Amino acid sequence: MKFLDQIESYIKISGFAPIGRRYFVMNAFDGATTVLGLVVGAYVVGISSELWVIWSGLGATLAMGLSGFTGSYMAEEAEGAKKLNSLERSMLTGLKDSVVGKASRFASLWAAIIGGGAPALTGGVCLIPFFLSTKGLFSISLAVQISVTLALSIMFLLGAILGRISNRNMLFHGAKMLLVGLILTAVFLALKLT
């Protein structure tokens, strides 16, 4: 229990809760959008192997996860160091090993975990139908449909989360995020018709 209390204390001191929410929504959206684009693009060119989608999708989600992890860590570590340095100058004492310093390091690490994990998670979820298709559970065509549905559903849910956070209409915010995915899908499908 002491560990959880310590984590809660670090979250309060660092002000991490809104930062974590932002990283989660932004990067989860990136993961779903990227795999959606990859899947619809594969459908447009008439890809006949699930393995192409799986390996391309895994490559993309791995790259997004690594990018999200390192980018989030470096950005939050720099911001945390700036705040800590300013506070140290004001107090004329070092705070690296204080609870404030530990909270700053906690925020950097968790921003990285969320920043890297969110796109990998949503991208990976959108690839599950293709893994199942390799086992003969359904066709590639159905895998495409399920994957697109999963990606669009994730986008809607992320928008609804933003609506809840902002105490505004969850359905409206979900629909706004969903619209981005629908536009992306429509653009790729229009390319198929030309």
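All of these numbers come straight from a predicted model, not from anything done at the bench.

In this section: the overall build of the protein. The helix and strand inventory of the protein stands at 6 helices and 0 strands. Its C-alpha atoms give the protein principal-axis dimensions of roughly 65 × 35 × 35 Å. For the protein, the proportion of its 194 residues judged to be buried stands at 38%. Summarising the internal contacts of the protein: among those between residues at least 6 apart in sequence, 70% fall at separations of at least 24. If you sum the accessible surface of the protein, you get close to 11,100 Å²; carbon and sulfur atoms cover 70% of it. Counting 15 positive and 9 negative side-chain charges, the protein places the centres of these two groups 5 Å from one another.

Okay, the pattern of salt bridges next. A complete count under the given rule lists 1 salt bridge for this structure. When the shortest N-O distance is used, the salt bridge between glutamate 8 and lysine 12 registers 3.4 Å. Remark: lysine 12 and glutamate 8 occur in helix H1 (residues 2-14); sequence separation between them is 4 residues, near one turn of the helix. Residue glutamate 8 is classed as partly exposed on the basis of its relative accessible area, which comes to 41%. Of the residues examined, lysine 12 reaches a relative accessible area of 62% and is grouped as exposed.

Attention shifts here to the nonpolar core. Formed by 27 residues in total, the largest nonpolar core has its most connected members in Leu36, Val39, Val53, Phe130, Val148 and Leu158. Going through the elements one at a time, helix H2 (16-44), helix H3 (50-91), helix H4 (99-134) and helix H5 (140-165) are the ones with two or more residues in this core. Here this core takes 11 residues from H2, the largest share from any one element. Beyond its immediate stretch of four places on either side in the chain, valine 53 contacts Leu38, Val39, Ala42, Ile47, Leu127 and Phe130. Among the nonpolar cores identified, the runner-up in size contains 9 residues, and Ile7, Tyr10, Phe106 and Ala107 belong to it.

Moving on, we come to H1. Structural remark: α-helix, 3.6 residues per turn; residues separated by three or four positions point the same way. Under the 1.5 Å per step criterion, the end-to-end length of H1 is 18 Å for 13 residues, consistent within 8% with the ideal 18 Å. Every buried residue belonging to H1 is among Ile7, Tyr10 and Ser14, and all of these are buried. Viewed along the axis of H1, the buried residues span an arc of 60°, placing them on a single side of the element. In H1, those exposed residues whose orientation departs by more than 90 degrees from the buried face are Lys2, Leu4 and Lys12. Backbone geometry just downstream of H1 places glycine 15 in the positive-phi region, at approximately 65°.

Next up on the list: unusual backbone geometry. Trans is the prevailing form of peptide bonds, just as negative phi is the prevailing case for residues other than glycine. Positioned with a positive phi, asparagine 167 is a non-glycine residue whose angle comes to about 55°. Position of asparagine 167 among the secondary structure elements: in the loop between H5 and helix H6 (170-193). Exposure remark for asparagine 167: the relative accessible area of 73% places this residue in the exposed category.

A surface patch of nonpolar side chains, amounting to about 560 Å² of accessible area, comprises Phe69, Tyr73, Met74, Leu109, Trp110 and Ile113. Counting only elements with at least two residues in the nonpolar patch, the list comes to H3 and H4. By the secondary structure assignment, phenylalanine 69 is in helix H3. Overall, phenylalanine 69 belongs to the partly exposed group, its relative accessible area being 36%.

Take the packing of H2 against H3 next. Look at H2 against H3: their axes get within 10 Å of each other, and the N-to-C directions meet at 160°. By the angle class used here, H2 and H3 are roughly antiparallel. Where H2 crosses over H3, the two elements pack in a sense that is right-handed. Contacts between H2 and H3 involve Ile19, Tyr23, Asn27, Asp30, Gly31, Thr34, Val35, Leu38, Val39 and Ala42 from the former and Trp52, Val53, Ser56, Gly57, Ala60, Thr61, Met64, Gly68, Ser72, Ala75 and Glu76 from the latter.

Reading the values: the criteria
Residue indices begin from 1 for each chain and proceed along its sequence in written order. Residues qualify for local features only when their pLDDT is at least 70, as the model is predicted, and side-chain atom pairs are given and counted only at 80 or more; totals for whole chains, interfaces and linings, by contrast, use all residues. The side-chain numbers reported here are obtained from all heavy atoms of the structure, hydrogens and water having been left aside. Think of it this way: any DSSP run of H or I at least four residues long counts as a helix, any run of E at least two long counts as a strand, and we number them from the N terminus. Only protein chains enter the accessibility calculation, which uses a 1.4 Å probe; a residue whose area is less than 20% of its type maximum is buried, one above 50% is exposed, and one in between is partly exposed. Note on contacts: a residue pair is in contact if any heavy atoms of the two residues lie within 4.5 Å. Per-residue and other accessible areas follow the Shrake-Rupley method at a 1.4 Å probe size, with only the shown protein chains counted as cover for residues. Neither His nor the chain ends is counted toward charge; the positive residues are Lys and Arg and the negative residues Asp and Glu. Positions of charges follow a simple convention, taking NZ of Lys, CZ of Arg, CG of Asp or CD of Glu. For salt bridges, the criterion is a side-chain nitrogen of Lys or Arg within 4 Å of an Asp or Glu carboxyl oxygen. Buried Ala, Val, Leu, Ile, Met, Phe, Trp, Tyr and Cys residues that are joined via side-chain atoms within 4.5 Å together make up what is termed a nonpolar core. By this rule, a helix spans an expected 1.5 Å times one less than how many residues it contains. The arc in question is traced by the directions running from the helix axis to the C-beta atoms. Patch membership requires over 30% relative accessible area and the absence of a salt bridge. Like charges are linked within 9 Å, and nonpolar side chains (Val, Leu, Ile, Met, Phe, Trp, Tyr) within 5 Å. Here the axes come from fitting lines to C-alpha atoms, over the contacting stretch only for helices, and the angles between their N-to-C directions go from 0 to 180 degrees. We call two directions roughly parallel when the angle between them is under 35 degrees, roughly antiparallel when it is over 145, roughly perpendicular when it lies between 65 and 115, and oblique otherwise. Less than a right angle of anticlockwise turn of the near helix away from the far helix marks a crossing as left-handed, whereas a clockwise turn marks it as right-handed.

All we've got here are geometric facts, nothing functional implied.
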